[in-house]
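Spelled out from the first residue to the last, the chains are:
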Amino acid sequence: MMHCNSSVNAPTGRVHSIQTLATLDGPGVRYAVFLQGCPLRCGCCHNPDTWDETGGTLYTAEQLVQNALRYREYFGDFGGVTLSGGEPLWQTEFAEAFFRLAKEKGLNTCLDTAGCLLNDKIKALLAVTDRVLLDIKYPTDALYREYVGCGMDTPLSFLSCLEERCIKTTLRSVMIPTLNDTKAHEEFLTELVRTHGCIDTVEILPFRKLCTVKYKQLGIPFRFADIHEPYPLVVKEMQEHIAHHLKG
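Summarised in this report is the structure supplied together with it. Values in this document were obtained by computation on a predicted structure and should not be read as measured data. (Residues numbered from 1 in each chain as written. Predicted model: local features only at pLDDT ≥ 70, side-chain atom pairs only at ≥ 80, totals over all residues. Heavy atoms only, no water.)

Thoughts on the nonpolar core
At step 1: Within the largest apolar cluster, 70 residues are counted, with the highest numbers of intra-cluster contacts made by Phe 98, Leu 111, Tyr 138, Phe 158, Leu 162 and Phe 224.
At step 2: At 7 residues, helix α3 (residues 92-104) tops the list of elements feeding residues into this core. (Core = buried A, V, L, I, M, F, W, Y, C linked by side-chain atoms within 4.5 Å. Buried < 20%, exposed > 50% of the residue type's maximum accessible area, 1.4 Å probe, protein only. Helix = DSSP H or I, 4+ residues; strand = E, 2+ residues; numbered from the N terminus.)

With respect to the state of the cysteines
At step 1: A complete count under the given rule lists 0 disulfides for this structure.
At step 2: This cysteine, Cys 150, is not joined by any disulfide, and Cys 116 carries the nearest cysteine sulfur, 5.9 Å off.
At step 3: Overall, Cys 150 belongs to the buried group, its relative accessible area being 14%.
At step 4: Here Cys 198 stays free of any disulfide, with the sulfur of Cys 166 as its closest cysteine sulfur at 8.0 Å. (Disulfide = S-S within 2.5 Å.)

Quick look at the environment of Leu 58
At step 1: Note on placement: Leu 58 falls in strand β3 (residues 57-60).
At step 2: The class for Leu 58 is partly exposed, based on a relative accessible area of 42%.
At step 3: Spatially, the C-alpha atoms of Leu 58 and Thr 12 are 6.2 Å apart, while their sequence positions differ by 46 residues.

Let's talk about the packing of helix α1 (residues 61-69) against α3
At step 1: The interhelical angle for the contact between α1 and α3, taken along N-to-C directions, is 40°, at an axis separation of 9 Å. Between α1 and α3, the crossing angle belongs to the class labelled oblique. The two elements α1 and α3 cross, and the hand of that crossing is right-handed. In this structure, α1 uses Ala 61, Glu 62, Leu 64 and Val 65 to contact α3, whose residues at the interface are Phe 94, Ala 97, Phe 98, Leu 101 and Ala 102. (Axes fitted to C-alpha atoms, helices over the stretch in contact; angles between N-to-C directions. Parallel < 35°, antiparallel > 145°, perpendicular 65-115°, else oblique. Left-handed = near helix turned anticlockwise from the far one by under 90°. Contact = heavy atoms within 4.5 Å.)

A few points about helix α6 (residues 153-164)
At step 1: Its 12 residues place the ends of α6 16 Å apart at the C-alpha level, agreeing with the 16 Å of an ideal helix rising 1.5 Å per residue.
At step 2: Of all the positions in α6, only Pro 155, Phe 158, Leu 159, Cys 161 and Leu 162 are classed as buried. Each buried residue of α6 lies within a common arc of 155° when the element is viewed along its axis, so the set occupies one face. Opposite its buried face, α6 presents the exposed residues Asp 153 and Glu 164, each directed more than 90 degrees away.
At step 3: Following α6 by one or two positions, Cys 166 has its phi on the positive side, about 55°. (Expected span 1.5 Å × (residues − 1). Arc of directions from axis to C-beta.)

The structure is reproduced here in structure tokens:
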């Protein structure tokens, strides 16, 4: 499904926000573009203001690439451009156009996604993607359907697609106490690392509640308002246990 206007020469997409010197959205320093629109309704989502696919500001792929090039000197050997969201797969054609133009300019491309969609257009996007930050949320299909809004088959198929294409992958998972701070989730993620050589980095991220104010402003219930943030040591231990199985 396409959710942006396009023309042959200048596809346009809806952008929620931009971070020009981002350090948490892929390797090195990056020009991070957060696209508008997401088909999921994750209980832990910290950007509910990105859900509305009609919001944001229109940009052409060319505009964003030209803007990114202004910061090229800061990217060094590892930085580049990142597409996040929202869910960047929701604007696939625009994302592909942006990455294609970025690579023509010699920029490294990184896709931050939940892997919730997979089709030929997304495979075309992956053909111009250097790294994927893949968020794997829960160890069971039931938890996915309850707290994400999709099954887990597509994210796992997406990961298999990355493996087939040898695309460098950072496995990410947000630790949510009482839901996935479990041995079962740790073992599930560990098995993914063991069986997918494309995964070269693991990031266990702590669930945060700073987003509560956004939900109040939007008049949307925050499903996880009563869940406490995880203890740093617990996050660190799961990170280390899983990372131990990364292939050298």
